[in-house]
Amino acid sequence: MRLDKFLCEMELGSRSQVKALIRQGAVTVNGMSVGKADIQIDEFSDSVCCGGRLLIYQKYVYYMLNKPKGVISATEDPAAQTVISLLGGDGRKGIFPVGRLDKDTTGLLVLTDDGELAHRLLSPKNHVDKTYRLKISKPLTEENISRLEQGVDIGEKRPTLPAGVALLGERELLLTIREGKYHQVKRMLHAVGSEVLDLERISFGGINLDERLGPGEYRKLTTEEIRRLQNEGI
Ligand code: URA
């Protein structure tokens, strides 16, 4: 890969910023200072340093985004703002959201370019846990809570799988589901006579939304969080 592309992928700056770093002599390849941005390097075997720091290439990148309302879970769209546009910058191509949240849903969305992991996490066979915090229009009766827990008919071939319910208030709860059917949470609540007024995902595949991330903010997953996702998908 080209040296300037490598430096962008390592998040050292935009194309013009990394070119300036190269011109200033801050970058070495296998111990030799290089002055040209367009030389080819082997990102896996060459030793590239910037300002004396060795840059270790990661095959894939993994982010958690706190998705705001009004943004769609897609890589591109002619009209609406996408979650990918929130990542901004000159980083890697090929990053996509792992699954979808509705336009009006907020919270934890994982973004990566690791297609194999995403495929495993989204496979219906794997029953990856997702926890949502919901505000609802009508309090739930004991009977409706146990219907959600046991599985409800949302018009699919089979009822939903057993879910976890934890009440936070009269009209607020946490719901943990192990599938990802279209509008599943909204349809489950509708099936028990209530409507979802506000929906936020706070956990996915054993990782929790980082409370320090404001709406629209993102960060890289830690090694431990990546490991947890990888174990989920097995
Ligand atoms: N269920 C929904 O209804 N919407 C979402 O965005 C996620 C789960």
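What counts, and at which threshold
Residues numbered from 1 in each chain as written. Predicted model: local features only at pLDDT ≥ 70, side-chain atom pairs only at ≥ 80, totals over all residues. Heavy atoms only, no water. Helix = DSSP H or I, 4+ residues; strand = E, 2+ residues; numbered from the N terminus. Buried < 20%, exposed > 50% of the residue type's maximum accessible area, 1.4 Å probe, protein only. Areas by Shrake-Rupley, 256 points an atom, 1.4 Å probe, with all protein chains shown as cover. Phe/Tyr/Trp six-rings, centres within 6.5 Å; stacked < 30°, edge-to-face > 60°. Near = heavy atom within 4 Å. Polar contact = N/O pair within 3.5 Å; in protein donor to acceptor, adjacent residues only side chain to side chain. Nonpolar A, V, L, I, M, F, W, Y, C, P; charged D, E, K, R; others polar. Pairing = 2+ DSSP bridges. 1 Å grid on protein atoms, 1.4 Å probe; cavity = no way out; pocket = protein on both sides within 12 Å on 5 of 7 lines; lining within 4 Å. Points joined across faces, edges and corners; volume = space filled by probe spheres on them. Lys, Arg positive; Asp, Glu negative; His and termini not counted. Salt bridge = Lys/Arg side-chain N within 4 Å of Asp/Glu carboxyl O. Contact = heavy atoms within 4.5 Å.

For the protein, the helix and strand inventory stands at seven helices and 13 strands. In terms of its C-alpha atoms, the protein occupies a principal-axis envelope of roughly 70 × 35 × 30 Å. Looking at the 234 residues of the protein, the share that counts as buried comes to 44%. Taken as a whole, the protein presents about 12,600 Å² of accessible surface, with 50% of it coming from carbon and sulfur.

In this structure the tally under the stated criterion is three aromatic pairs. Taking 5.5 Å as the distance between ring centres and 85 degrees as the angle between the ring planes, the aromatic pair formed by Phe44 and Tyr57 counts as edge-to-face. Within this pair, whereas Phe44 is found in the loop between strand E2 (32-33) and strand E3 (48-50), its partner Tyr57 is found in the loop between strand E4 (53-54) and strand E5 (62-67), the two being separated by 13 residues in sequence. With a relative accessible area of 56%, Phe44 lands in the exposed category.

Residues in close proximity to the ligand include Leu101, Asp102, Thr105, Tyr132, His183, Gln184, Val185, Lys186 and Leu199, which together make up its full environment. Here an oxygen atom of the ligand sits 3.2 Å away from a polar atom, N or O, in the main chain of His183. A distance of 3.1 Å separates an oxygen atom of the ligand from a polar atom in the backbone of Lys186. In the complex, 95% of the free accessible area of the ligand, which totals 240 Å², lies under the protein chains. The element best represented in the shell around the ligand is helix H6 (residues 184-191), accounting for three residues. Each residue belonging to the shell around the ligand can be placed in one class, and the counts come to four nonpolar, three polar and two charged.

Phi is positive for Asn30, which is not a glycine, with a value near 50 degrees. With respect to the helices, strands and loops of the structure, Asn30 is situated in the loop between strand E1 (27-29) and E2. Owing to a relative accessible area of 45%, Asn30 belongs among the partly exposed residues under this scheme.

Let us look at the sheet that holds E4. In space, the four strands of this open sheet follow the order E2-E1-E3-E4, with antiparallel pairing throughout. The sheet is open, and its two edges are formed by E2 and E4, each paired on a single side. For E3 and E4, the ladder comprises two bridges, and the chain directions are antiparallel. Within E4, the residue paired with Cys49 across the bridge is Leu54.

This part takes up the layout of surface pockets. In this approach the atoms are scanned with a rolling probe the size of a water molecule, which exposes any empty space left behind. Here the largest pocket defines a volume of roughly 670 Å³. Around the largest pocket, the lining is made up of 32 residues, and of these Arg100, Glu179, Gly180, Lys181 and Tyr182 lie nearest the centre. Among the secondary structure elements, those contributing two or more residues to the lining of the largest pocket are helix H4 (115-122), strand E8 (130-136), H6 and strand E11 (196-204). Class assignment for the residues of the lining of the largest pocket results in 15 nonpolar, eight polar and nine charged.

Attention shifts here to the side chain of Lys130. Turning to its location among the elements, Lys130 is positioned in strand E8. Notably, Lys130 is buried but unbridged: the nearest opposite-charge side chain belongs to Asp129, and the N-O separation is 7.2 Å. Of note is the side chain of Lys130, whose polar atom sits 3.0 Å from the backbone oxygen of Val128. Only 3.2 Å separates the side chain of Lys130 from the backbone oxygen of Glu179, close enough to count as a polar contact. Apart from the residues lying within four places of it in its own chain, the contact partners of Lys130 are Leu175, Thr176, Ile177, Arg178, Glu179, Gly180, Arg201, Ser203 and Phe204.

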